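Notes for the structure review
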Amino acid sequence: VSSETKLPREVVLVVEDEILIRYVISDYLRECGYKVIEASSTDEALLVLNDTNLSVDVVFSNAQVAGATDGFALAQWVRANRAGVGVILVGSISRAADAAANLCEHGPMLSKPYQPKAVVERIKLLLAQKRQT
Amino acid sequence: MDVIAVAPTNAPASDVNSFPVPKVLLVEDEVLLRLTTADELREEGFEVIEASSGDEAIALLKTAAPIDVVVTDIQMPGNTDGVGLAHFIAANRSELKVIMTSGDLRAPPKGCRINAFFSKPYEAFDVAQLIRALLEP
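Predicted model only: the values in this text are computed from it and were never measured.

1. Some details on the overall build of chain B
When helices and strands are counted, chain B shows 4 helices and 5 strands. Secondary structure elements of chain B, listed N to C terminal, follow the sequence β-α-β-α-β-α-β-β-α. Taken across its 137 residues, chain B has 48% of its residues classed as buried. Within chain B, contacts between residues separated by at least 24 positions form 65% of all contacts whose residues are at least 6 apart in sequence. Of the roughly 6400 Å² of accessible surface on chain B, 52% is carried by carbon and sulfur atoms.

Have a look at this one:
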């Protein structure tokens with residue numbers, strides 16, 4: 001990651017139950033300058049989001065992730081309860097079209113396999129939108 | 001293997017720049033404790049990989065991910081608790097240092113090949129000091 005891509009320490013909550021994927025993308029985002037909180041399930045993600053001591057700017061979640069709810073339900077919860085928090089979903093294209101339809105305000109779902117750079121671009125976009133509101 | 005007795009210390013941190021950055025695999029199923037401890041260890045100058053279960057830790061340890069020390073809770077959900085993880089490491093990655101933590105036990109389970117044990121609550125600073133001591137050439 002080149003020095004010009006360094007960004008302020010905004011907080012990204014990564015929700016992914018595959019540790020090898022979570023490790024790689026979390027490591028990359030930290031290299032880009034973000035503070036990263038890792039959750040291995042939506043249950044863990046909700047614990048983080050409900051902790052008043054923690055601030056989250058963007059949730060980056062696998063759509064088909066472990067937990068009592070999936071990533072789509074997590075995104076809907078965030079939209080209903082954490083209005084200022086952006087959401088990026090990633091998953092298989094086959095489920096994207098219909099399931100993500102209600103979440104289009106956050107942009108189309110990223111499909112797997114994704115490039116870490118594409119995630120950073122999406123995060124930048126969401127944070128820019130957040131600053132304008 | 002002798003288990004290092006751990007006592008809280010206020011000694012200043014050693015110069016982390018004089019060593020390669022140690023890689024720590026932190027295995028803890030309580031997300032808020034995991035993120036706090038991981039952050040504190042990163043602030044101490046370590047590279048930290050987070051695993052939420054023994055199963056995740058084993059999946060990672062089967063790869064070429066660079067790791068020097070494993071800090072693991074004992075009681076965790078899944079097929080592999082901290083004791084099972086310690087046995088896996090002894091059998092497959094015996095070069096790694098292992099530090100166990102527990103909120104229930106006051107001493108490590110017998111038969112585990114580990115380097116140190118912390119009862120919860122523990123200070124990440126003390127864990128950091130111990131990791132430096134374990135990795136000192």
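2. A closer look at the packing of helix H1 (residues 31-43) of chain B against helix H4 (residues 124-135) of chain B
Residue and element names in this part refer to chain B. Packing of H1 against H4 leaves a shortest axis separation of 9 Å and a crossing angle of 50°. With respect to H4, the axis of H1 lies oblique. Here H1 and H4 pass one another in a crossing that is right-handed. Where H1 abuts H4, its residues Thr 37, Glu 40 and Leu 41 lie against Ala 124, Val 127 and Ala 128.

3. Details of the packing of aromatic side chains
Residues and elements named next belong to chain A. Evaluated as defined, the whole model comprises 2 aromatic pairs over all chains. Between Phe 60 and Tyr 114, the aromatic rings sit 5.5 Å apart at their centres with planes inclined by 90°, giving edge-to-face as the arrangement. Within this pair, whereas Phe 60 is found in strand S3 (residues 58-62), its partner Tyr 114 is found in the loop between strand S5 (110-111) and helix H5 (116-132), the two being separated by 54 residues in sequence. You can call Phe 60 buried: its relative accessible area is 2%.

4. Some points on the environment of Asp 104 of chain B
Residues and elements named next belong to chain B. Its place among the elements puts Asp 104 in the loop between strand S4 (97-102) and strand S5 (116-119). The exposed category is assigned to Asp 104, whose relative accessible area is 60%. Sequence spacing of Asp 104 and Ala 90 is 14 residues, and the spatial spacing of their C-alpha atoms is 23 Å.

5. Side note on the sheet that holds strand S1 (residues 11-15) of chain A
Residue and element names in this part refer to chain A. Spatially, the 5 strands line up as an open sheet ordered S2-S1-S3-S4-S5, and their pairing is parallel. If you trace the sheet from one side to the other, it starts and ends with strand S2 (35-39) and S5, each paired once. Relative to the sheet, helix H2 (residues 42-49) contacts S1, S2 and S3, its axis offset from that of S1 by approximately 155°.

6. Notes on the nonpolar core
The biggest cluster of nonpolar side chains holds 25 residues, and the ones touching the most others in it are Leu 25, Leu 61 and Val 70 of chain B. Those elements giving two or more residues to this core turn out to be helix H1 (19-31) of chain A together with strand S1 (23-27), strand S2 (47-51), helix H2 (54-61), helix H3 (82-92) and S4 of chain B. In this structure Leu 61 of chain B touches Leu 25, Ile 67, Val 70, Leu 85, Phe 88, Ile 89, Arg 93 and Leu 96 of chain B, once residues within four positions along its chain are discounted.

7. Quick look at helix H3 (residues 71-81) of chain A
Residues and elements named next belong to chain A. Within H3, the full set of buried residues consists of Gly 71, Phe 72, Leu 74, Ala 75 and Val 78. Each buried residue of H3 sits inside an arc of 160° when the element is viewed along its axis, so together they form one side. Its side-chain oxygen 3.2 Å from the backbone nitrogen of Phe 72, Asp 70 forms the N-cap of H3.

8. Focus: the sheet that holds S4 of chain B
Residue and element names in this part refer to chain B. The strand order across the open sheet formed by 5 strands is S2-S1-S3-S4-S5, and the pairing between neighbours is parallel. Edge positions in the sheet fall to S2 and S5, since each of these pairs with one other strand and no more. This sheet shows a mean twist of 20° between the axes of neighbouring strands, independent of strand direction. Where H4 meets the sheet, its contacts fall on S1, strand S3 (69-73), S4 and S5, and the angle it forms with S4 comes to roughly 160°.

9. With respect to the pattern of salt bridges
Following the criterion strictly, the structure yields 17 salt bridges over all chains and no others. Note that Arg 30 of chain A is salt-bridged to Glu 38 of chain A, the shortest N-O span being 3.0 Å. There is no split in this pair, since Arg 30 of chain A and Glu 38 of chain A are both buried. Between Arg 132 of chain B and Glu 44 of chain B there is a salt bridge; the shortest N-O distance is 3.1 Å. Note that Arg 132 of chain B is positioned in helix H4 and Glu 44 of chain B in the loop between H1 and S2, a separation of 88 residues in sequence. The pair formed by Arg 132 of chain B and Glu 44 of chain B is uniform in burial state, with each residue classed as buried.

10. Here's the deal with the packing of H2 of chain A against H1 of chain B
The contact between H2 of chain A and H1 of chain B brings their axes to 9 Å, and the two run at 70°. Considered as vectors, H2 of chain A and H1 of chain B are oriented roughly perpendicular to each other. Residue-level inspection shows Glu 44, Leu 47 and Val 48 of chain A of H2 of chain A in contact with H1 of chain B, the latter providing Val 31, Leu 32, Arg 34 and Leu 35 of chain B. Partitioned by chemical class, the residues of the contact of H2 of chain A with H1 of chain B number 5 nonpolar, no polar and 2 charged.

Conventions we followed
Residues numbered from 1 in each chain as written. Chains lettered and ligands numbered in written order. Predicted model: local features only at pLDDT ≥ 70, side-chain atom pairs only at ≥ 80, totals over all residues. Heavy atoms only, no water. Helix = DSSP H or I, 4+ residues; strand = E, 2+ residues; numbered from the N terminus. Buried < 20%, exposed > 50% of the residue type's maximum accessible area, 1.4 Å probe, protein only. Contact = heavy atoms within 4.5 Å. Areas by Shrake-Rupley, 256 points an atom, 1.4 Å probe, with all protein chains shown as cover. Axes fitted to C-alpha atoms, helices over the stretch in contact; angles between N-to-C directions. Parallel < 35°, antiparallel > 145°, perpendicular 65-115°, else oblique. Left-handed = near helix turned anticlockwise from the far one by under 90°. Phe/Tyr/Trp six-rings, centres within 6.5 Å; stacked < 30°, edge-to-face > 60°. Pairing = 2+ DSSP bridges. Core = buried A, V, L, I, M, F, W, Y, C linked by side-chain atoms within 4.5 Å. Arc of directions from axis to C-beta. Polar contact = N/O pair within 3.5 Å; in protein donor to acceptor, adjacent residues only side chain to side chain. Salt bridge = Lys/Arg side-chain N within 4 Å of Asp/Glu carboxyl O. Nonpolar A, V, L, I, M, F, W, Y, C, P; charged D, E, K, R; others polar.

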